[in-house]
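Chains, contacts and geometry: an overview
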Amino acid sequence: MDLGLKDQVAIVTGGSRGIGRAAAEALLREGAKVVVASVRPASVEAAAKELSALGAVEGIAADVSVEADVVRLVAETVDRFGRLDVMIANAGIDGDAVNLADMTVAQWDEMMAVHLRGTFLCGREAARAMRSAGRRGRIVTVGSVSGIESEASGGHYCAAKAGIHGLTRSMAVDFAKWGIRANCVAPGWVRTDMTVDYIPPPGEPLVGCGVMDRVGEPEEIANAILFLASESCGFLTGETFVVDGGQIVAAPDLEPGAPAT
Ligand code: NAP
């Protein structure tokens, strides 16, 4: 299937590792020109070098929580590649695991800054560039099943991800008049650096990862991102696309006699 991405220009934030890196690879394989962006210059430089075997790629260091960085990221992308068609707002952190009763304002603010302010800034700057160039662009944000259901000691992450789901709907509404679509991918557990402390190595037993009984690989999320970034889903906007191997589709069975937790 032709996804219509050949020669289109895409930014992938958090493109140096994990899900973003897989999304950058998938876009390059479709013939898109890709800017990978991430916060640590050495990380983004290494990724851009490795990805260059797949096509036209540039690396730009930018902290998505800093307005000037995101403005520069989009401006440099337009300078280098002439336009912007696709923004993948994927960069994220997992933060400290802390009960909300013990969470500091600094822990809360850091999470909101990277995820919510970062996604807002990436969406805003992408929409401005697309609007001024008359491009019918696509914005894909990355939420989480944690934005739909809750997890212990992750209240800041859950709130930020739920915020991204809502923010994406609002982008879809506000940007539709310029032909810009915005959709969100909400992954379940995926094997990346972010989850290395939570997911046992392949072959070891897993509990709670859903009806498919396994975690996802970054490439499986990248495929969903690729679809939402493409011209193939031209009637889709404001949607949150859960890609979780059935993690949240089934309620857990009752176990008679089990002690209440
Ligand atoms: P990862 O492997 O830890 O990679 C995180 C990426 O984000 C890296 O490229 C990192 O850059 C970049 N980054 C972090 N802070 C940044 C900032 N302030 N500005 C710019 N870039 C920044 O994470 P991942 O698992 O691929 O997660 C990607 C996205 O998916 C995140 O939004 C995450 O919340 C979401 N998600 C992940 C899972 C999962 O199970 N893995 C599940 C649901 C949702 P450097 O390389 O420069 O450090």
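See above for the structure.
Residues numbered from 1 in each chain as written. Predicted model: local features only at pLDDT ≥ 70, side-chain atom pairs only at ≥ 80, totals over all residues. Heavy atoms only, no water.

**Some details on the side chain of glutamine 8**
In this structure, glutamine 8 sits in the segment before β1 (9-13). In terms of polar contacts, glutamine 8 uses its side chain to reach the side chain of arginine 138, at 2.5 Å. Other than its neighbours up to four places away in sequence, glutamine 8 contacts Ala32, Lys33, Arg83, Asp85, Val86, Arg135, Arg138 and Glu231. (Helix = DSSP H or I, 4+ residues; strand = E, 2+ residues; numbered from the N terminus. Polar contact = N/O pair within 3.5 Å; in protein donor to acceptor, adjacent residues only side chain to side chain. Contact = heavy atoms within 4.5 Å.)

**Some details on a nonpolar patch on the surface**
Judged by side-chain polarity, Val211, Met212 and Val249 come together as a nonpolar surface patch covering roughly 310 Å² of accessible area. The topology assignment puts valine 249 in the segment after β7 (240-243). Given the relative accessible area of 65%, valine 249 is considered exposed. (Patch = residues over 30% accessible without salt bridge, like charges linked within 9 Å, V, L, I, M, F, W, Y side chains within 5 Å. Areas by Shrake-Rupley, 256 points an atom, 1.4 Å probe, with all protein chains shown as cover. Salt bridge = Lys/Arg side-chain N within 4 Å of Asp/Glu carboxyl O. Buried < 20%, exposed > 50% of the residue type's maximum accessible area, 1.4 Å probe, protein only.)

**Notes on helix α3 (residues 67-81)**
Between its terminal C-alpha atoms α3 stretches 21 Å, which fits the 21 Å expected from 15 residues at 1.5 Å a residue. Here α3 has its buried residues at Asp69, Val70, Leu73, Val74, Thr77 and Phe81. The buried residues of α3 occupy an angular sector of 130° when the element is viewed end-on, so they sit on one face. More than 90 degrees from the buried face of α3, the exposed residues found are Ala68 and Asp79. Of the residues trailing α3, glycine 82 is marked for its positive phi of about 90°. (Expected span 1.5 Å × (residues − 1). Arc of directions from axis to C-beta.)

**A few points about the site of the ligand**
Every one of the 31 residues lining the ligand counts as a neighbour, but Ser16, Ser38, Ser43, Tyr157 and Thr192 are closest to it. Measuring from an oxygen atom of the ligand, one finds a backbone N or O atom of glycine 14 at 3.3 Å. Measuring from an oxygen atom of the ligand, one finds a side-chain N or O atom of threonine 192 at 2.5 Å. Bound to the protein, the ligand loses 95% of the 910 Å² it would expose on its own. (Near = heavy atom within 4 Å.)

**Describing the pattern of salt bridges**
Per the stated rule, a full pass over the model turns up 16 salt bridges. Residue arginine 124 is joined to glutamate 125 by a salt bridge in which the shortest nitrogen-to-oxygen separation is 3.0 Å. Here arginine 124 matches glutamate 125 in class, with each residue buried. Ionic contacts of the salt-bridge type, sharing partners, join the residues Glu58, Asp69, Arg72, Glu76 and Arg80 into one network.

**A word on the sheet that holds strand β3 (residues 57-61)**
The 7 strands lie next to each other as β3-β2-β1-β4-β5-β6-β7, forming an open sheet whose pairing is parallel. What marks the edges here is a single partner per strand, and that holds for β3 and β7. Pairwise comparison of adjacent strand axes, ignoring direction, gives a mean angle of 20° for this sheet. Two elements, strand β6 (residues 181-187) and β7, share 4 bridges in a ladder whose sense is parallel. When the bridges of β7 are listed, proline 187 appears paired with valine 243. Across the sheet, helix α1 (residues 18-29) touches β1, β2 (33-38), β3, β4 (86-89) and β6, and the angle it forms with β1 is around 165°. (Pairing = 2+ DSSP bridges. Axes fitted to C-alpha atoms, helices over the stretch in contact; angles between N-to-C directions.)

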